[in-house]
Amino acid sequence: MSDQMPTYIPFQHSSTGTLGVEMEWMTVDQGSGAQIPAAPFVFEVTGPSARIKPELFTSTVEINTDIHHSTAAAIDQLQALYDQVSDMLAGRQAALLSTGTHPFSHWRDQQISDDPRYGRLLDRLQWMARRFNIFGIHVHVGMPDGDSCIHAMNHLLPVLPVFLAISANSPFWHGEDTGLSASRIKIFEGLSQGGMPFYFENWRDFEHCAGRLQATGSIDSVRDIWWEMRPHPDFGTLEVRIGDMPACRDDAAAYIAYVRAEAMAALHADAIPRIHPSLIRENRWRACRFGMRATIIDPFTEELIPVLDWLEKRLERLDQCGIDRSELALVAGRMDCWRSHGGGDAIQRHLFSRQSSLPDLVRAIRLQDGWNS
């Protein structure tokens, strides 16, 4: 078997700190609020596009940016792409919705996209892939080489739960309040190569891992590694995938800016002792359960601290590391709102308490998301 293993996975060079963002939007009926298979119509209009792409289900449109050098520029393009797709859907009484899970539509009712790759995934993963009716935001940060990417990924592992906490926006699943802030992550982790990534010694160590998975038929390519953070050698990036689709435009900007800031700081950080995965997993659970209201275990001091207090101190540390203050300001500018109102999960529950039905909740979520203004 070892003779069949790829021994070399090229990591494409990217300019350090460049930024790309992918957002997974669901298509819903304007009246009922239910997920509908409107994505194929969008692709008929746009034709093949690197910016507007299909996903596993025909009720999903993935919107991707070009390469940018700031969060503000990425958000501007995401808004333009949102407007383009939204205008197409309006004529069909459809709309885009930004949540990590749909409040009431069921995965069984979703149609599979006509793509041989998705067929292969379903054949291999069966029920786990069929349930994959979840929606996230993926942030790519440019890395100069594979070893640098692994160095940054190792440093970001303890921070992953904070990324989840500030994006948590999936409290409902199939019409029920799960009691979780981020139920999406519990579906995500069920995939064969889902969940937390691992510490690696260097790029060669990652190559060996990915090569073994390919040689044993566990994956078709590196693209089938769905960890919550992973190297993306084709793009030359570190890709952070743990986040739910944020509740609103301003939360999306803050999330993107924070991920990029941490990735840049990690890239240039000195070696530090590795945080035990059991502590990271516990914080991940706390973020999943409580979102921005979580009290986490400080991964560096092991003291209990509210996650927003930790984040506030962390922003000061990132400022001292020389991270662009305009990026940090996008995060700091959301802190008062987050402290007062919580994250997307809290907003959904608050909206639901004021609505007469789950379809009304979907309309209320759309009205407050800041994209459709």
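Above this note sits the structure.
One numbering rule holds for all chains: residues counted from 1, following each sequence as written. Per-residue local features are limited, in this predicted model, to residues with pLDDT of at least 70; the limit for side-chain atom pairs, both in listing and counting, is 80 or more; totals at the level of whole chains, interfaces and linings are taken over all residues. Hydrogens are left out, water is left out, and the side-chain values use all remaining heavy atoms of the structure.

Participant: Honestly, the packing of aromatic side chains in this entry has me stumped. Any pointers?
Facilitator: What describes a pair of aromatic rings is the distance from one ring centre to the other and the angle between the planes of the rings. Here a Phe, Tyr or Trp ring, Trp counted by its six-membered ring, pairs with any other such ring whose centre lies within 6.5 Å, and the pair is stacked when the planes are under 30 degrees apart, edge-to-face when over 60, and tilted otherwise. As enumerated under the stated definition, the model contains 14 aromatic pairs in all. Plain terms: the ring middles of Phe163 and Tyr255 are 6.2 Å apart, the flat faces sit at 75° to each other, and that makes the pair edge-to-face. Note that Phe163 is positioned in helix α6 (residues 160–167) and Tyr255 in helix α9 (residues 249–267), a separation of 92 residues in sequence. Each member of the pair, Phe163 as well as Tyr255, carries the same accessibility label: buried. Taken together, a centroid distance of 6.4 Å and an interplanar angle of 90° make the contact between Phe198 and Phe200 edge-to-face. Residue class for Phe198 comes out partly exposed when judged on its relative accessible area of 47%. Accessibility here uses a 1.4 Å probe with only protein chains present; expressed as a share of the type maximum, an area under 20% marks a residue as buried, one over 50% as exposed, and anything in between as partly exposed. According to the relative accessible area criterion, Phe200 is buried, its value standing at 4%. Through a chain of ring-to-ring contacts, the aromatic side chains of Phe11, Phe198, Phe200, Trp203, Phe206 and Trp227 assemble into a single cluster. A ring is considered to have a charge above it if a Lys NZ or an Arg CZ atom is located within 6 Å of its centre and within 35 degrees of its normal. Arg92 extends its terminal NZ or CZ atom over the ring of Phe41, reaching a point 3.8 Å from the ring centre. Secondary structure counts use DSSP, requiring at least four H or I residues in a row for a helix and at least two E residues in a row for a strand, with both numbered from the N terminus.

Participant: It is not clear to me how the pattern of salt bridges should be interpreted in this structure. Could you clarify?
Facilitator: Oppositely charged side chains may form a pair once their charged atoms are brought near each other. A carboxyl oxygen of Asp or Glu within 4 Å of a side-chain nitrogen of Lys or Arg is what we treat as a salt bridge. Overall, the coordinates contain 25 salt bridges when judged by the stated rule. Put simply, Arg117 and Asp224 hold a salt bridge, and the shortest N to O gap is 3.1 Å. Here Asp224 lies in the loop between α8 (203–215) and β8 (229–232) and Arg117 lies in helix α3 (residues 116–125), a separation of 107 residues in the sequence. Accessibility assignment for this pair places Arg117 and Asp224 in one class, buried. One continuous salt-bridge network, built from bridges that share partners, spans Arg117, Arg120, Arg124, Asp220 and Asp224.

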